[in-house]
Each structure stands twice: as structure tokens, then as C-alpha cells.
Amino acid sequence: MIVLNLLCDHGHRFEGWFASGEAFRDQSDRHLVHCPQCQTSEVSQLPSAPHVKRSATDVAPLEKAAPPAAAPGIAALHQALATMARQAENVGERFPEEARRIHYDEAPARTIRGVATADETRDLLEEGILVLPAPIPPDEEIH
Ligand SMILES: [Zn+2]
């Protein structure tokens, strides 16, 4: 048996005992689960993990909950960009010119950052120069 925390559409919280989460969904779909306070069958399961009731005779394994998806957070992405920005040489408004010089082997290859207008960025991309428009934090934030 498992105990599920349930919530009716009037905001009453109560516990329900079911053979499994599947059994709850089945009974709920058929409006067989009622709130003990207001008798509504509009009942949903609260997202908290079900309690597992164990006893000597009841050892049926429950389905393991899926682990949370390991999605890289925005914070991690921002951190990576900030690291790139810290390591890049700031060429400021000479960015389009420097990017071209590096691309055509007129300047040592290195990571640079700077400012470029939308038109300049498009021109660079059309020339096959990889530029990454990114929100670079202002200088005072990347010391
Ligand atoms: Zn209720």
C-alpha cells in the first residue's frame, strides 16, 4: 500500500491509501475518490513523494521514481559565457576589424570580444567568421 497526499478542488488536504499510484489514477478517473470533508470527487495528487508503508507481509516493490533530468541551468551557461569573456581580449569597437584580421591570418589567433553592430555581425558571419552574439557582462563584473 502507499499513502498519497491528496488535494480536492476546495483546497482540503487529506491522505488516501491505494495499492499504487496507478490505482489512484484509475479510481480518480472514475470519480471514486472523494474528499472526506466536502465529498467532491475533483481530487488531485499533491506532487510530494508517496510514503511507502512497509510491513513483513507487504514488500511489493514500487516503481522507482525517475531521477530529475540533468538539464544544464541558465546559471551554468551564463558562467561559461562569463569565463569566455574573461579569457577573451577586449578589442572594443575594433572587434569587426580584429575578427577579420584573425580570420585572414593577419593577426595571431586568439579569442577576442568587443562590440559590433548587427550589420557588422551579419557581414562577419557571411564571410564565414564565427562570431557569437552574447550578452557580455560589463567590465566591472568580470574582474
Ligand atoms: Zn474538500
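This text goes with the structure placed above it.
Bear in mind the structure is a predicted one, so any value in this text is a computation, not a measurement.

### Things to note about the overall build of the chain
Piece 1. A tally of regular secondary structure across the chain gives 4 helices and 6 strands.
Piece 2. When the helices and strands of the chain are read in sequence order from the N terminus, they spell out β-β-α-β-β-α-β-α-β-α.
Piece 3. When each of the 143 residues of the chain is scored for burial, the buried share is 9%.
Piece 4. Of the contacts formed within the chain by residues at least 6 apart in sequence, a portion of 45% connects residues at least 24 apart.

### What about the nonpolar core?
Piece 1. By size, the foremost hydrophobic cluster in this structure holds 8 residues: L4, L6, C8, F18, F24, V33, C35 and V43.
Piece 2. In contact with F24, other than residues within four places in its own chain, are L4, G16, F18, V33 and Q45.

### Structural notes on unusual backbone geometry
Piece 1. Unlike most non-glycine residues, H31 shows phi in positive territory, near 55°.
Piece 2. Along the chain, the position of H31 falls in the loop between helix 1 (21-29) and strand 3 (43-45).
Piece 3. Residue H31 is classed as exposed on the basis of its C-beta count, with 11 C-beta atoms lying within 10 Å.
Piece 4. Look at D105: it is not a glycine, yet its phi comes out positive at around 60°.

### So, the pairing of strand 2 (residues 13-18)
Piece 1. Sheet topology places strand 1 (residues 2-8) next to strand 2; 6 bridges connect them, and they run antiparallel. In the sheet register, L6 faces strand 2, and the bridge partner there is F14.

### As for helix 3 (residues 95-103)
Piece 1. Considered for burial, the residues of helix 3 that qualify are F95, P96 and A99. Buried positions in helix 3, seen along its axis, are confined to an arc of 100° and lie on one side of it.
Piece 2. Those residues of helix 3 hidden inside the fold are in contact with strand 5 (89-92), strand 6 (112-114) and helix 4 (118-126).
Piece 3. D105 sits one or two positions beyond helix 3 and adopts a positive phi of about 60°.

### A word on the environment of L124
Piece 1. Tracing the backbone through its elements, the reader meets L124 in helix 4.
Piece 2. Considered as a pair, L124 and E97 are 27 residues apart in the sequence and their alpha carbons are 9.6 Å apart.
Piece 3. Not counting residues within four places of it along the chain, the set of residues in contact with L124 comprises P96, A99, I129 and V131.

### Description of the environment of H103
Piece 1. Inspection of the secondary structure puts H103 in helix 3.
Piece 2. Through-space distance from the C-alpha of H103 to that of L130 is 9.0 Å; in sequence the pair is 27 residues apart.

### So, the pairing of strand 5
Piece 1. Examined bridge by bridge, strand 5 and strand 6 share 3 bridges and lie parallel to one another. Considered in strand 6, the bridge of G92 is made with G114.
Piece 2. In this fold, the crossover linking strand 5 to strand 6 by way of helix 3 has right-handed handedness.

### Here's the deal with the environment of P47
Piece 1. Mapped onto the fold, P47 is located in the loop between strand 3 and strand 4 (51-52).
Piece 2. A count of 7 C-beta atoms within 10 Å places P47 in the exposed class.
Piece 3. Residues P47 and N5, 42 residues apart in the sequence, show an inter-C-alpha distance of 8.1 Å.

Cut-offs applied
Residues numbered from 1 in each chain as written. Predicted model: local features only at pLDDT ≥ 70, side-chain atom pairs only at ≥ 80, totals over all residues. Helix = DSSP H or I, 4+ residues; strand = E, 2+ residues; numbered from the N terminus. Buried ≥ 20, exposed ≤ 12 C-beta atoms within 10 Å, placed from the backbone. Contact = placed C-beta atoms within 7 Å. Core = buried A, V, L, I, M, F, W, Y, C linked by C-beta atoms within 7 Å. Pairing = 2+ DSSP bridges. Arc of directions from axis to C-beta. Right-handed = clockwise from strand over helix to strand, strands pointing away.

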